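Coordinates in review
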2 protein chains.
Amino acid sequence: MTVKQLSLPELADACVRLGVPGVGLWRAPVQSYGVEATARLVRDAGLTVTTLCRGGFFTAIDPAEREQAVADNRRAIDEAATLGTDTLVLVSGGLPAGSRDLHGARERIADALAELGPYAEEHGVRLAIEPLHPMYAADRCVVSTLAQALDLAERFPAHQVGVAVDTYHIWWDDRAPAQIARAGATGRIHTFQLADWTTPLPEGVLNGRGQIGDGSIDMREWKGYVEAAGYTGPIEIELFNEGLWARDGREVLAETAERFVTYVAG
Amino acid sequence: MTVKQLSLPELADACVRLGVPGVGLWRAPVQSYGVEATARLVRDAGLTVTTLCRGGFFTAIDPAEREQAVADNRRAIDEAATLGTDTLVLVSGGLPAGSRDLHGARERIADALAELGPYAEEHGVRLAIEPLHPMYAADRCVVSTLAQALDLAERFPAHQVGVAVDTYHIWWDDRAPAQIARAGATGRIHTFQLADWTTPLPEGVLNGRGQIGDGSIDMREWKGYVEAAGYTGPIEIELFNEGLWARDGREVLAETAERFVTYVAG
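Presented here is an overview of the structure given in this document. Just so it is clear, the structure is predicted and the values come from calculations on it, not from any experiment. (Residues numbered from 1 in each chain as written. Chains lettered and ligands numbered in written order. Predicted model: local features only at pLDDT ≥ 70, side-chain atom pairs only at ≥ 80, totals over all residues. Heavy atoms only, no water.)

**Digging into the packing of aromatic side chains**
Residue and element names in this part refer to chain A. What counts here: By convention, a stacked pair of Phe, Tyr or Trp rings (six-membered ring in the case of Trp) has centres within 6.5 Å and planes under 30 degrees apart, an edge-to-face pair has planes over 60 apart, and any other such pair is tilted. Secondary structure follows DSSP: runs of H or I at least 4 residues long count as helices, runs of E at least 2 residues long count as strands, and numbering of each begins at the N terminus. For every residue, the accessible area (1.4 Å probe, protein chains only) is compared with the maximum for its type, and the residue is labelled buried under 20%, exposed over 50%, or partly exposed between those bounds. Only when the NZ atom of a Lys or the CZ atom of an Arg is both within 6 Å of the ring centre and within 35 degrees of the ring normal do we say a charge sits over the ring.
A full pass over the atoms with the stated rule returns 13 aromatic pairs over all chains. On the numbers, 6.4 Å between centres and 75 degrees between planes, the contact of Phe192 with Tyr231 is edge-to-face. Of this pair, Phe192 sits in strand S6 (residues 189-194) while Tyr231 is found in the loop between helix H9 (219-228) and strand S9 (235-237), placing the two residues 39 residues apart along the sequence. An identical accessibility class is assigned to Phe192 and Tyr231; each is buried. Each residue in the set Trp26, Phe240 and Trp245 is aromatic and connected to the rest through ring pairs, giving one cluster. Here the basic side chain of Arg209 rests over the ring of Phe240, its NZ or CZ set 4.1 Å away from the ring centre.

This is the structure:
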């Protein structure tokens, strides 16, 4: 998503040239290119698929909508398995129109996880609940903290449900380091993602994630927390940023790799 | 601030006509009108000043800037005393330019409170740390949760330092109800403010606070929490909203009073 202006073949080629060993993919471009074809493309390039984004949107009250969401998540699990990644990232969903019941919405997420966890396990895929920044609580994700995500995840086995740790969403939270330790202790850190926090936020607050190093987040500090919690998996950089999307994708990818070396690695 | 398009005499008159018994004031319009003159105006109208907004901005690293901030907060305390309100609301300040150290910034707030607490007490004024929504952590307020605000406040006597509970900033937080109880148990709920959460957020996310009833927050639920915690003080409605500011101020005030009756009172 960081360089969504690149086609999947361009992306694979650019990753290989830069020595980037793995890539997190989003469902829409994968579906357009073809799931099998993407799996082949990435495999032939020698890349791993770190995660697939995204399942979720479990908070509907209407039974038909709920069943549709669960069915779509089964397809997402199938796609993840075909791509050879073991992790499907979940954006859990916001409040249904007219509802003010955060607690009820969170319980409906648990209900959906109970249905999907065993199906994911059968396909060798783990579900990663991603807490989103509290500014998305109404319209995208009622799971706003790592603590809330773990409260949900811990109802299920760790090989079925864990969490996605993304600096952009949790950097403000003084409880997050302890929650990362909690997640690590039960093997529930299913991915670690980076984006920097820059202001002012754009209208709608979706596409203002900062390039690594441009903002307020100490990336090495957070990397230290997940490493101390035993995490040894990939580190993903996921930027939604209109400014980066308007530039040449290969240049943005090269810049991002440089920023990784400067602000994260070592 | 909800009807900043009204002059202070218009505001006082409109409050009296609507039967609104008290008003929270902001420093800039009070300074323009004159602090003594405002005190007289409000007193003559039979209104109480519920709180003065705002002091704070304590996070500068530069010693001269810090001293300037403390001096300005002493003036704010003087103004609050002159206006006859017992509460000065604090917006604590964001990260200094180039800093990524949230913990250090929070400690500098504690240092400033230690200087200002006794001065406030001498003037019969309580300081109310307002946790701001985590989306303001970088640029306005590194105190993002009621728990963080209370961790700071509890280093001082409750009659010196407490918290401001504002639904807009804490509604997403499943720990907030327990923190309201914690605040109430030590007499630290110094004011209770309402605004509703509406989306999409505007650019810069400052002026998108929703009219009561238009958004995702169950106001009676939060009123229940502060009442259960023993709070019997005023309930303030504080909306920063370009749409409301563009309308006739008296009409907006009347609408807000109606919304209070429909969504909050009783």
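Here the narrative resumes, following the displayed structure.
**Things to note about the sheet that holds strand S2 (residues 48-56) of chain B**
All names here are of chain B. In plain terms, the rule: Any two strands between which DSSP finds at least two bridges are classified as paired. Fitted lines through C-alpha atoms give the axes, limited to the stretch in contact for helices. The angle between two N-to-C directions lies from 0 to 180 degrees.
The sheet built from seven strands is open, its strands ordered S1-S2-S3-S4-S5-S6-S9 with parallel pairing. Two strands in the sheet have a free side with no partner beyond their single neighbour: strand S1 (22-26) and strand S9 (235-237). Neighbouring strand axes in the sheet, compared pairwise and without regard to direction, differ in orientation by 30 degrees on average.

**Quick notes on the relation of the copies chain A and chain B**
Applicable threshold: Copy-to-copy alignment: least squares on C-alpha atoms, limited to residues at pLDDT 70 or above in both. Contacts: residue pairs with any heavy atoms within 4.5 Å of one another.
Take chain A, turn it by 180 degrees, move it 0.0 Å along the axis, and it overlays chain B with an RMSD of 0.0 Å. Those values place the two copies in the arrangement expected of a two-fold rotation axis. Residue Glu203 of chain A of chain A places its C-alpha closer to the rotation axis than any other residue of that unit, at 1.9 Å. A share of 100% of interface residues in chain A that are also interface residues in chain B marks the association as one of identical surfaces.

**Quick look at the packing of helix H1 (residues 8-18) of chain A against helix H11 (residues 249-263) of chain A**
Residues and elements named next belong to chain A. Rule in force here: Helix crossings get a hand from a simple test, with the near helix turned counterclockwise from the far one by less than a right angle marking a left-handed crossing and a clockwise turn marking a right-handed one. When residue character is reported, Ala, Val, Leu, Ile, Met, Phe, Trp, Tyr, Cys and Pro are called nonpolar, Asp, Glu, Lys and Arg charged, and the others, Gly included, polar.
Between H1 and H11, whose axes approach to 10 Å, the crossing angle comes to 35 degrees. For the pair H1 and H11, the crossing hand works out as right-handed. Taken together, the residues of H11 that come into contact with H1 (itself represented by Glu10, Leu11, Asp13, Ala14, Cys15, Arg17 and Leu18) are Arg250, Leu253 and Ala254. Residue composition of the contact of H1 with H11, grouped by class: six nonpolar, no polar and four charged.

**Thoughts on the pairing of strand S5 (residues 161-166) of chain B**
Residues and elements named next belong to chain B. Heads up, the condition is: With the strands aimed away from the viewer, a crossover counts as right-handed if its path from the first strand over the helix to the second runs clockwise.
S5 sits mainly inside the fold: six of its six residues count as buried. Direction of pairing for strand S4 (residues 126-129) relative to S5: parallel, over a ladder of three bridges. Bridge pairing in S5 places Ala128 opposite Gly162. As for the winding sense of the linkage, the β-α-β connection from S4 through helix H6 (residues 146-153) to S5 is right-handed. Both S5 and strand S6 (residues 189-194) contribute to a ladder of four bridges, which runs parallel. By the bridge assignment, Val165 is partnered in S6 with Phe192.

**Observations concerning the interface of chain A and chain B**
Basically, it comes down to this: Put simply, buried area is the surface a 1.4 Å probe can reach on two separate parts but cannot reach once they are joined, added for both. Here, a salt bridge means any Lys or Arg side-chain nitrogen found within 4 Å of an Asp or Glu carboxyl oxygen. Whenever two N or O atoms come within 3.5 Å, that pair is a polar contact, provided that in protein one can donate a hydrogen and the other can accept it, and provided that, for residues adjacent in sequence, both atoms are side-chain atoms.
If you look at the interface, chain A gives 31 residues, while chain B gives 31 residues. Of the roughly 2,500 Å² buried where chain A meets chain B, counting both sides, 60% is carbon and sulfur surface. At the boundary of chain A and chain B, one finds zero salt bridges. Inspection of the chain A/chain B interface yields twelve residue pairs in polar contact (both at pLDDT 80 or more).

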